[in-house]
Amino acid sequence: MMQHPRLLYHELLVSRYHDPCCRLFQVNPSCSAQSLVVADLINGQEYLFRVRAENRFGFGPYAETVDGSMARDPIHPPDPPTRLKIQAVKKDTITLTWKAPKNDGGSPVTHYNMDLLCWDSSGTQKESWRRCNRRDIETTSYKVEDLTERDEYEFRVTAYNDAGASRPSTTAGPILLQDQTCAPSIELKEFFEVEQGSDINVRATIHGCPFPTLTWFKAPPHKPEDKAEVQYDEHINKMVADDNCTLLIQQGKRPDTGLYTLVANSMGKASKEMRLNVLGRLDHLVLYINW
């Protein structure tokens, strides 16, 4: 009568990846089942395993794992991103933002991908969902470019970690692609203080559609009503890029101190004031002591 072997030993071969020098540990005295949970492993360590069976006639040959296994908590794809919103619409671009997944699946989110669905002006679906970013998106905002005016678009975003892709987010849209109109607004820090001789960059964030015309004015610190338009030259200049307007002052001087006002005009008017204080340098300090 044939006697079936019982599994007696599971042995654990411990080795760093590609390390020819490894140590062998027996991880259990005996085991009658065909599975085993190995405890007290080191997180991030790679392990190899082997097992052999024993009956009353002795031991059988080892069966070994071919590839190493990394000890780490199990990971899963992340939850979908949340709160996908359309932030800005122009005739050929749309900017969207979203929030990171509430649960990253035990592994940090590495990147995102954005998909779009398009209908033409007659309401006919032109294509199925397709990827609209050429490179992985590493932030929680994205500007979709090269779109067709008067078409309608719908968007969704997917998060990725080392375990794979999340389910797509809830969609944003459909939205008709055309220039939107909205009154301008300005975000600008109210006070700057710098040392004389330093380069000064006063940056304002601009909102408004169409993009507004921007003008800087300056007034003496104690006479805010005496505003005059800033004249640009090699010392002071203005730079506008995307949704930012920066006032550039090369090697600031004491006379640059003043009350600056940025005015935006387009579908309405907005203005924001900023006080700039340029401090004189303290070259040396003389201390008088009376006794």
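Residues numbered from 1 in each chain as written. Predicted model: local features only at pLDDT ≥ 70, side-chain atom pairs only at ≥ 80, totals over all residues. Heavy atoms only, no water.

Colleague: How would you summarise the nonpolar core if you had to cite specific residues and measurements?
Modeller: Counting 22 residues, the largest nonpolar core has I186, V202, W216, Y260, L262 and L276 as the members making the most contacts within it. Those elements that provide at least two residues to this core are β16 (191–195), β17 (200–209), β18 (213–219), β21 (244–249), β22 (258–265) and β23 (269–279). In this structure, L262 is in contact with I186, A204, I206, L214, T215, W216, C245, A270, S271 and K272, ignoring residues within four places of it in sequence. Membership of the second largest hydrophobic core comes to 20 residues, among which are M114, L116, C132 and I175. (Core = buried A, V, L, I, M, F, W, Y, C linked by side-chain atoms within 4.5 Å. Buried < 20%, exposed > 50% of the residue type's maximum accessible area, 1.4 Å probe, protein only. Helix = DSSP H or I, 4+ residues; strand = E, 2+ residues; numbered from the N terminus. Contact = heavy atoms within 4.5 Å.)

Colleague: How would you sum up the sheet that holds strand β8 (residues 94–99)? Please name residues and give values.
Modeller: Here three strands make up an open sheet; going across it, the order is β7-β8-β11 and the pairing antiparallel. This sheet does not close on itself; its edge strands, each paired only once, are β7 (82–89) and β11 (141–144). Sheet twist, expressed as the average angle between the axes of neighbouring strands with direction ignored, equals 20°. Taken together, the four bridges between β8 and β11 define a ladder with antiparallel strand orientation. Bridge pairing links T95 to K143 in β11. (Pairing = 2+ DSSP bridges. Axes fitted to C-alpha atoms, helices over the stretch in contact; angles between N-to-C directions.)

Colleague: Tell me about the packing of aromatic side chains, and please be specific about residues and values.
Modeller: Taken as a whole and judged by the stated rule, the model has two aromatic pairs. Their ring planes at 70° and their centres at 5.5 Å tell us that W98 and Y112 sit as a pair that is edge-to-face. Taken as a pair, W98 in strand β8 and Y112 in strand β9 (residues 111–119) lie far apart in primary sequence, 14 residues in all. Note on accessibility: W98 and Y112 belong to one class, buried. Summarising the aromatic geometry, the rings of Y153 and F155 are spaced 6.3 Å apart at their centres and angled 25° between planes, so their arrangement reads as stacked. Residue classification places F155 among the buried residues on the basis of a relative accessible area of 0%. A cation over an aromatic ring shows up here: R156 above the ring of W129, its NZ or CZ 4.3 Å from the ring centre. The ring centre of F192 lies 5.2 Å from the NZ or CZ of K189, which sits over that ring. (Phe/Tyr/Trp six-rings, centres within 6.5 Å; stacked < 30°, edge-to-face > 60°. Lys NZ or Arg CZ within 6 Å of the ring centre and 35° of its normal.)

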